[in-house]
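# Structural overview for review
One-letter residues, chain by chain:
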Amino acid sequence: MNKKFMTDIVFDYRKAEPFFNKDELVSASRMASDARSELINKTGKGSDCTGWIDLPKDYDREEFERIKKAAAKIKSNSEVLIVIGIGGSYLGARAAIEFLTDSFYNLRNAAPGADGLQIFFAGNSLSPKYLNDLVKLTEDKDFSVNVISKSGTTTEPAIAFRIFRELLIKKYGEAGAAERIYATTDKQRGALKKLADEKGYETFVIPDDIGGRYSVLTAVGLLPIAAAGCDIDSLMEGAFAMRELCLGKDFEHNPAMQYAAVRNILYNKGKKIEICSNFEPSMHYIGEWWKQLFGESEGKEHKGIFPAAVDLSTDLHSMGQYIQDGERMLMETFVEIEMSSAEVLLSSEAEDTDGLNYLAGKDMTFVNSRALNGTLLAHEEGGVPCMRLTVKDQSEYSLGELFYFFEFACGVSGYMLGVNPFDQPGVESYKKNMFALLGKPGYEELSENLTKRL
């Protein structure tokens, strides 16, 4: 492997080893190897949705350059970008932007003279208050819209797009609005693709062979991430490096396979819930993206590890009690940033009223890391098998590694579990009921039945 593409992610499962034996790990390693073969050779369930495997190597370079040009255009003519999408159509981008940028980037970019872009997300809920508040925030600003939808008819984003499209037309006229709308959608068909072609919106492609929760490294995630000023070339390089490792290394040297194997061993021993824990607030949406990736991929056929996420040390003062002493059906994965992007030194005071002088001269990174270590040891002692994933820093390269690591591990883990990790049949159930209760044509009989049950 070229030195440029060396990976920095380290997976450590020593604090989970007391909960299983070596024979179980040997058996799981064989299952993980078989699952990886199914994944790579496209012989497993849902193999027509595994285009993400080779994406970091085979992505469309022409579209990639168009993404960067569109991002530059948005930054040049807009104060605000509204990203409209739900689930995988927004979580990856939001996770990346919050991980890679200033914690208060939207506030800073709203300041007079700021040359950055405020980025807000819509179409991921049906809250009238949220939509109204966002409209009021946006109506007096120059803004653009990136609408992300394979079909263009998914209710939540379709409603948001209708509202913001009307606002754009009112503000800039039809032609001006068309210059500010970017549609990420199907290459050839669907309501949004048809509208984009009719109105002249610039379009980017959601590949047919990549599902929403695996799409962060396509235009779905890359356009908003680039608009935020992040280096998407480095992001793809990190993903490429992790791909080389996942496809080229055997179990002993393959952290994604190890992670998939250990979590499946623990699941089969009654650990039905996995908690993804971080000690960095800007990783909150990494946890949300991770929850969707694993929850939607594995939760089917009455199987699957339930994914939960906590932000520490914040949640140690709430959920910490349950994790430490509650029902023992938990496993925990700590995601640690090795090198912080900031340095905050603690000083000494003449009167040690708060009792913190023993920390004088120490950096907050040291304090935070010791809090993580102390928590990991406490939870292990409390009967929670703990895994640790160490990411070098909060750079685009490291994030590309992390995204691909989890995607590959999820595919392997799903096949080990015996499910199709690339479909989502259960997601459609609420939609049918919602359509019926809203009075959508064709759902009259179901509407009558549901009304009686309410």
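Since we're looking at a predicted model, the values are computed, not measured. (Residues numbered from 1 in each chain as written. Predicted model: local features only at pLDDT ≥ 70, side-chain atom pairs only at ≥ 80, totals over all residues. Heavy atoms only, no water.)

What follows deals with the overall build of the protein chain. Of the regular secondary structure elements, the protein chain holds 17 helices and 10 strands. Taking 2.2 N^0.38 as the reference for a compact globule, 454 residues should give roughly 22 Å; the C-alpha atoms of the protein chain span a radius of gyration of 23 Å, in line with that estimate. Taken along its principal axes, the extent of the C-alpha atoms in the protein chain is 65 × 60 × 55 Å. Expressed as a percentage of the 454 residues in the protein chain, the buried residues total 52%. Contacts in the protein chain between residues at least 24 apart in sequence constitute 77% of all its contacts with a sequence separation of at least 6. Summing over all exposed atoms, the protein chain offers an accessible surface of approximately 21000 Å²; the carbon and sulfur share of this is 51%. Seen as two clouds, the 52 positive and the 68 negative side-chain charges of the protein chain have centres 5 Å apart. (Helix = DSSP H or I, 4+ residues; strand = E, 2+ residues; numbered from the N terminus. Rg over C-alpha atoms; globule rule 2.2 N^0.38 Å. Buried < 20%, exposed > 50% of the residue type's maximum accessible area, 1.4 Å probe, protein only. Contact = heavy atoms within 4.5 Å. Areas by Shrake-Rupley, 256 points an atom, 1.4 Å probe, with all protein chains shown as cover. Lys, Arg positive; Asp, Glu negative; His and termini not counted. Charge placed at Lys NZ, Arg CZ, Asp CG, Glu CD.)

Here the focus is the pattern of salt bridges. For the coordinates displayed, the defined rule picks out 25 salt bridges. The salt bridge partner of aspartate 233 is lysine 68, with a shortest N-O separation of 2.9 Å. Placement of aspartate 233 in helix H10 (residues 232-248) and of lysine 68 in helix H3 (residues 61-77) is noted, with a sequence separation of 165 residues between them. We note a salt bridge from glutamate 288 to lysine 291, for which the minimum N-O separation is 3.2 Å. Here the residue glutamate 288 and the residue lysine 291 both occupy positions in helix H12 (residues 284-298), the gap between them amounting to three residues, near one helical turn. By relative accessible area, which is 22% here, glutamate 288 ends up partly exposed. A residue is classified by how much of its surface remains accessible, and lysine 291, at 27% relative accessible area, is partly exposed. (Salt bridge = Lys/Arg side-chain N within 4 Å of Asp/Glu carboxyl O.)

A few words now on the sheet that holds strand S7 (residues 273-278). Two strands in a sheet stick together by hydrogen bonds in their backbones, pointing the same way (parallel) or opposite ways (antiparallel). Strand order in the open sheet made by the five strands is S1-S10-S9-S7-S8, with mixed pairing throughout. The open sheet has two free edges, formed respectively by strand S1 (10-12) and strand S8 (306-311), since each of these has just one partner strand. In this sheet, adjacent strand axes meet at a mean angle of 20° when their direction is disregarded. Set on the sheet, H12 makes contact with S7 and S8; between it and S8 the angle comes to about 175°. (Pairing = 2+ DSSP bridges. Axes fitted to C-alpha atoms, helices over the stretch in contact; angles between N-to-C directions.)

Between the first and last C-alpha of helix H1 (residues 22-41) there are 28 Å, a value that for 20 residues agrees with the 28 Å anticipated at 1.5 Å per step. When H1 is considered as a whole, its buried residues turn out to be Leu25, Ala28, Ser29, Ala32, Ala35, Arg36 and Leu39. Projected down its long axis, H1 shows its buried positions confined to an angular sector of 130°, all on one face. Set apart from the buried face of H1 by more than 90 degrees, the exposed residues are Asp23, Arg30, Asp34 and Asn41. Among the structural elements, H10, helix H11 (255-268) and helix H15 (396-417) are those in contact with the buried residues of H1. Two to three positions downstream of the cap, the backbone nitrogen of aspartate 23 sits 3.1 Å from a side-chain oxygen, assigning the N-cap of H1 to asparagine 21. Phi turns positive one or two residues past the end of H1, at lysine 42, with a value near 60°. (Expected span 1.5 Å × (residues − 1). Arc of directions from axis to C-beta. Polar contact = N/O pair within 3.5 Å; in protein donor to acceptor, adjacent residues only side chain to side chain.)

In this section: the state of the cysteines. Following the criterion strictly, the structure yields zero disulfides and no others. Take cysteine 49: it sits in no disulfide, and the sulfur closest to it among the cysteines is that of cysteine 410, at 13 Å. Classification of cysteine 49 as buried rests on a relative accessible area of 17%. (Disulfide = S-S within 2.5 Å.)

Before going further, it helps to spend a moment on the sheet that holds strand S2 (residues 80-84). The strand order S3-S2-S4-S5-S6 describes an open sheet built from five strands, whose pairing is parallel. The open sheet is flanked by strand S3 (118-122) and strand S6 (202-205), the only strands paired with a single partner. Averaged over all neighbouring strand pairs, the angle between strand axes comes to 20°, with direction disregarded. When strand S4 (residues 143-148) meets strand S5 (residues 181-185), the two strands line up parallel, connected through four bridges. If you follow isoleucine 148 over to S5, its bridge partner there is threonine 184. The strands touched by H3 are S2, S4, S5 and S6; relative to S6, the strand with the most contacts, the crossing angle is about 135°. Sheet strands in contact with helix H7 (residues 155-178) are S2, S3, S4 and S5, and its direction is about 140° off that of S4.

Successive residues of a regular strand alternate their side chains across the two faces of the sheet. Summarising burial for strand S10 (residues 386-393): seven of the eight residues are buried, a large majority. Across three bridges, S1 lies against S10 in antiparallel orientation. When the sheet's bridge partners are listed, aspartate 12 is paired in S10 with arginine 388. Taken together, the seven bridges between strand S9 (residues 330-339) and S10 define a ladder with parallel strand orientation. What sits directly across from threonine 333, in S10, is methionine 387. Where the polypeptide runs from S9 across helix H14 (residues 364-381) and back to S10, its parallel neighbour, the crossover connection is right-handed. (Right-handed = clockwise from strand over helix to strand, strands pointing away.)

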